[in-house]
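Each chain, letter by letter, is given below.
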Amino acid sequence: MGDVLAGFQTVWEFDTDSMLIRFERGIRTPKLLQALGERRIPFEALSGVELTVGKRGTVVLRAVPRPGADPLMEAADGQLREAYDPYRLVLPAERETLADYYAERIRESLGPEADIPAEAHLVTVPPPPLSFKAYDGKASFDGKAVSFRWFWTGASSEKWKVGDQRFRIDELTGVEWRSPESRGSAGTAPKESSAKTGAAKEGSAKDGTAGNGTGKASPKGGGHGYLRLLRRSAEGRPAERPDRDPAAVVFGMGYGLVHQSLPFAAAVLEAVRASSPVPCAEGAPAPNRATAPRRDPADIAERIRHLGELHTAGLLTDDEFSAKKAELLAEL
């Protein structure tokens, strides 16, 4: 089509087989959209388009993504506020006729499988390396593995006992992302299903992030959220509370913000979907987890000091303290 349709904070540029959605940078543009910058959406990734009356003399043109076509929307799982929706274009009401024209052009460009969930992701997400700070740790993704490095100021004693974690992509079946704005805020409640690939639904922790087991305050703010990695080895088992699960990081308002944690979750989900793990031969041992890089001695000393505090407080037994201390010293 080669046309441009400009709305508030968002511009749609049409091509023959796709459209480029560009988000303006400015204080009125949500940070998630600023972080995304622009997105190329193939028409085959859409299932339809909607035109509705908006607020304060506006109309809203919204492209509807096919289920499974966009890892960002799959990870979000219905939890995004309207203002954060990257598929919405808000226009002045006097441009309704023009919006209706483009809505019809998009409908004519939809693929033959528009009503069928996509078997593969068709929309790209920000590439790794990616990282963000949660309340109880820092999450990093290098394209091959996800690492969680715990913060002594926020991580539970359960997470300190097992230590920092590193999960290869081929160990995962998907992700479960809970928006920090989905509780105590205007965010929409998450759907019952979570973003997974080829795995049975794991149980969800109904009490969310209540209490972190350290005696310290839980995340402050209007809501709590988390990012949980769904592991093959945990299939069929009830999920632990996110604050105690070593495969999850917990965040709240000010920690693990949507514009940081959601693109991260989407990138991991895209990598999981794209991976094709080779099953182990019957009786063969499972591949070992990738070894984390050697750490800074000062960091090891700080962690041993914190383990000592947990031991003194009675949260670690003598054997647990000695074993964990030996593991940390072995990493020097």
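Here, the structure is the one placed above.
The rules behind each value
Residues numbered from 1 in each chain as written. Predicted model: local features only at pLDDT ≥ 70, side-chain atom pairs only at ≥ 80, totals over all residues. Heavy atoms only, no water. Salt bridge = Lys/Arg side-chain N within 4 Å of Asp/Glu carboxyl O. Helix = DSSP H or I, 4+ residues; strand = E, 2+ residues; numbered from the N terminus. Buried < 20%, exposed > 50% of the residue type's maximum accessible area, 1.4 Å probe, protein only. Pairing = 2+ DSSP bridges. Axes fitted to C-alpha atoms, helices over the stretch in contact; angles between N-to-C directions. Contact = heavy atoms within 4.5 Å. Patch = residues over 30% accessible without salt bridge, like charges linked within 9 Å, V, L, I, M, F, W, Y side chains within 5 Å. Areas by Shrake-Rupley, 256 points an atom, 1.4 Å probe, with all protein chains shown as cover. Lys, Arg positive; Asp, Glu negative; His and termini not counted. Charge placed at Lys NZ, Arg CZ, Asp CG, Glu CD.

Attention shifts here to the pattern of salt bridges. Inspection of every chain in the model, using the stated rule, returns 16 salt bridges. The partner of Arg-273 in a salt bridge is Glu-74, with the nearest N and O atoms 2.9 Å apart. Of this pair, Arg-273 sits in helix H5 (residues 258-274) while Glu-74 sits in helix H2 (residues 71-76), and the two are 199 residues apart along the sequence. Under the relative-accessibility criterion, Glu-74 is labelled buried at 16%. For Arg-241, the salt bridge is made with Asp-243, and the minimal N-O distance between the two is 2.8 Å. Note on accessibility: Arg-241 and Asp-243 belong to one class, buried.

Taken together, three strands build an open sheet; the order of strands is E12-E13-E14 and the sheet is antiparallel. Looking at which strands have only one partner, the edges of the open sheet turn out to be strand E12 (172-178) and strand E14 (248-252). The mean inter-strand angle of the sheet, taken between neighbouring strand axes irrespective of direction, is 10 degrees. Across six bridges, the pairing between E12 and strand E13 (residues 224-231) is antiparallel. Bridge pairing links Gly-174 to Leu-230 in E13. Where H5 meets the sheet, its contacts fall on E12, E13 and E14, and the angle it forms with E12 comes to roughly 160 degrees.

What follows is about a negative patch on the surface. A grouping of Asp-15, Asp-17, Glu-44, Glu-113 and Glu-119 is seen on the molecular surface, where their side chains present a negatively charged patch. Tracing the backbone shows Glu-44 in the loop between strand E4 (38-42) and strand E5 (46-53). The class for Glu-44 is partly exposed, based on a relative accessible area of 45%.

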